[in-house]
Amino acid sequence: MADEAAPQPAPAFGQADLTNCERELIHLAGAVQPHGALLALDAELRVLQVSGNVALLLGLPPEALLQQPLSVLGGDLAERVAALQRSAELREPVALQCEAGPGLRRFDAALHRVPDGPLVLELEPSAGAPEGVEMQDLDPAVMASTLSAALQRLGAAPSVGVLADAVVEVVRNLTGYDRVVVYKFDPDGHGKVIAEARHPRLESLLGHHYPASDIPQRARELYLRNRVRVLVDVDYQAAALTPRLVPGLDHELDMSMCTLRSMSPLHLQYLRNMGVTATLVVSLVREGQLWGLVACHHYRPYNLRFAVRAAADLLSEVIA
């Protein structure tokens, strides 16, 4: 009897093709989208790794930050991170606001801890946006009234179909994306668009079916763990982590829970083939299983403030 073929090793991030993309190590991206910066920290809040865009966003180059205390960035950043480190488990990202860098720039930030690994701090400027990127922000009072009305409407839905129709309208009003769909998985993992809200210029995708292979298994696993994923510009230039391996651990940083994590080149090409520039994907998790997705598409570079993303995350829990 012939020996069975040995299992093939998983392809490194960016090295997959259509024959092995199911196994691509997308959580080991080693880079971030450039609208934010990432710092990996040890238990004493010394900087172990940085994304290559820290000079642009934080005012200090990588060599001025690596192996230095987080406090070198000034402001209240180190104080706020230390407080969270003491008070929160940080298994999932916890939001904070802070000031850091020359001129004490304001940042929206998120902090989480990699199991048996470093703290991961992600920072996005609280004001302004990269050139050419449209930013969706909402006044807190508008946000509160929008969410209140949305929750009432969703809670009153008598069926899944009515709920899905309400979801796409609510999410599109909240986020401003050109197209919002609810995408439901069948038992075999194939997907179907069961509801849609869109700009009138766009052709409808309602009722379209997609094979299970469109979303690799590793991506589905991450959707279960990290419920909200944003892509600002499909043609972004990634900011690589320096050094590539986590000092003292000699392996790559697990970026499973990172909002800024760079996306698979195969996925980016898939979006380009559809003409999509920016996306928001919100997982719908029911009884521990991935029931479906709320997928938002935009046809120009586009981003959401942290508060708007947090509102989308809240809605996903209510919907599920």
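Attention here is on the structure that accompanies the text. Remember, predicted model here, so these are calculated numbers, not experimental data.

Here we take up empty space enclosed by the protein. The final tally for this structure, using the stated rule, is one cavity of 30 Å³ or more. Considering only enclosed or pocket space, the largest cavity measures out at about 30 Å³ in volume. Considering only residue class, the lining of the largest cavity consists of six nonpolar, one polar and no charged.

Each neighbour pair has its own omega, and for Thr242 with Pro243 the value is -15 degrees, a cis peptide bond. Of note, Pro243 is situated in the loop between strand E12 (239-242) and helix H7 (265-274). At Leu45, a position not held by glycine, the phi torsion is positive, near 65 degrees. By secondary structure assignment, the location of Leu45 is in the loop between strand E2 (37-41) and strand E3 (47-51). A positive phi angle, near 50 degrees, is found at Leu104, a position not held by glycine. Here Leu104 shows up in the loop between strand E4 (94-100) and strand E5 (105-113).

The strand order E1-E12-E3-E2-E6-E5-E4 describes an open sheet built from seven strands, whose pairing is antiparallel. The open sheet has two edge strands, strand E1 (31-32) and E4, and neither has a second partner. On top of the sheet, helix H3 (residues 77-87) reaches E2, E4, E5 and strand E6 (119-125); it is set at about 160 degrees to E4, its chief contact.

Here we come to the packing of helix H4 (residues 140-155) against helix H8 (residues 306-319). The geometry of H4 relative to H8 is characterised by a closest axis approach of 11 Å and an angle of 15 degrees between their N-to-C directions. Between H4 and H8, the angle is such that the two are roughly parallel. In this structure, H4 meets H8 at a crossing whose hand is right-handed. Counted together, Met143, Leu147, Ala150, Leu151 and Leu154 of H4 and Ala307, Val308, Ala311, Leu314, Leu315, Val318 and Ile319 of H8 form the full contact between these two elements.

This part is about the nonpolar core. With 35 residues, the main nonpolar core has Val167, Val182, Leu280, Val294 and Leu315 as its most contacted residues. With eight residues, helix H5 (residues 160-175) is the single largest residue contributor to this core. Excluding its chain neighbours within four sequence positions, the residues that come into contact with Val294 are Val167, Val171, Val180, Val181, Val182, Leu280, Val281, Val282 and Leu284. By size, the runner-up hydrophobic cluster in this structure holds 27 residues, among which are Leu41, Leu45, Leu77 and Leu90.

Right, let's talk about helix H6 (residues 217-225) for a bit. Listing the buried residues of H6 in full gives Ala219, Arg220, Leu222 and Tyr223. Projected onto a plane normal to the axis of H6, the buried residues spread over an arc of 160 degrees and lie on a single side. Those residues of H6 that are buried lie in contact with strand E8 (179-185), strand E11 (228-231), strand E13 (278-286) and strand E14 (289-298).

Parameters at a glance
- Residues numbered from 1 in each chain as written.
- Predicted model: local features only at pLDDT ≥ 70, side-chain atom pairs only at ≥ 80, totals over all residues.
- Heavy atoms only, no water.
- 1 Å grid on protein atoms, 1.4 Å probe; cavity = no way out; pocket = protein on both sides within 12 Å on 5 of 7 lines; lining within 4 Å.
- Points joined across faces, edges and corners; volume = space filled by probe spheres on them.
- Nonpolar A, V, L, I, M, F, W, Y, C, P; charged D, E, K, R; others polar.
- Helix = DSSP H or I, 4+ residues; strand = E, 2+ residues; numbered from the N terminus.
- Pairing = 2+ DSSP bridges.
- Contact = heavy atoms within 4.5 Å.
- Axes fitted to C-alpha atoms, helices over the stretch in contact; angles between N-to-C directions.
- Parallel < 35°, antiparallel > 145°, perpendicular 65-115°, else oblique.
- Left-handed = near helix turned anticlockwise from the far one by under 90°.
- Core = buried A, V, L, I, M, F, W, Y, C linked by side-chain atoms within 4.5 Å.
- Buried < 20%, exposed > 50% of the residue type's maximum accessible area, 1.4 Å probe, protein only.
- Arc of directions from axis to C-beta.

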